[in-house]
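Now for the letters of each chain:
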Amino acid sequence: MAAAQPARDLWTAISAVDDALTEAVKRVSRRSPQWWAGEAGGATRADHVARLVATLAAAGQQAEGRPAPHHVPQRPARNAVLADQLAVVGRDLVAALRATKDTDGAREALGQITDCLDAVDPTA
């Protein structure tokens with residue numbers, strides 16, 4: 001029975017990341033330009049989400065065994081597109097975590113997503 005525990009932990013951790021990303025994309029989608037430009041913890045909300053996108057992109061590459069990118073993903077001209085970038089990078093990360101069974105990476109990503117949402121949308 002003990003052998004089932006790591007699989008359950010893995011499934012739980014990666015499912016939590018997948019759920020958190022779905023919630024994050026929902027919470028930042030369809031926001032006004034003023035919302036994106038609003039300050040949150042010393043940076044704009046757009047800055048926080050852009051940083052999360054870059055962090056999750058790097059985590060996905062590292063989970064796949066590739067080196068972290070040397071450049072930050074290009075920031076879109078319109079901040080609202082960051083929600084789309086977050087969705088795409090998130091799907092790639094979850095796929096990489098599932099393929100590599102990286103529970104630690106899932107827990108770290110979950111913390112980063114939670115921290116970002118707490119900063120940009122604490123009332124939700």
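Here is a short report on the structure shown in this document. (Residues numbered from 1 in each chain as written. Predicted model: local features only at pLDDT ≥ 70, side-chain atom pairs only at ≥ 80, totals over all residues. Heavy atoms only, no water.)

## Points about the overall build of the protein
So, point 1. A tally of helices and strands in the protein yields five helices and two strands.
So, point 2. Mapped from its N terminus to its C terminus, the protein presents α and β elements in the order α-α-β-β-α-α-α.
So, point 3. Look at the contacts in the protein between residues 6 or more apart in sequence, and 75% of them connect residues 24 or more apart.
So, point 4. Within the structure as shown, the protein displays about 7300 Å² of accessible surface, and the carbon and sulfur contribution to it stands at 54%. (Helix = DSSP H or I, 4+ residues; strand = E, 2+ residues; numbered from the N terminus. Contact = heavy atoms within 4.5 Å. Areas by Shrake-Rupley, 256 points an atom, 1.4 Å probe, with all protein chains shown as cover.)

## As for the packing of aromatic side chains
So, point 1. The tally for this structure, following the rule as stated, stands at one aromatic pair.
So, point 2. Pairing W35 with W36 gives two aromatic rings, centres 5.1 Å apart and planes at 85 degrees, and the pair type is edge-to-face. The same class applies to W35 as to W36, namely buried. (Phe/Tyr/Trp six-rings, centres within 6.5 Å; stacked < 30°, edge-to-face > 60°. Buried < 20%, exposed > 50% of the residue type's maximum accessible area, 1.4 Å probe, protein only.)

## With respect to the side chain of T44
So, point 1. Take T44: it is sitting in strand β2 (residues 43-44).
So, point 2. Take T44: its relative accessible area is 18%, and that puts it in the buried class.
So, point 3. The contact partners of T44, leaving out residues within four places of it in the chain, are W36, A37, G38, E39 and R75.

Note that every value here comes from positions in space, so none of it alone points to a role or purpose.
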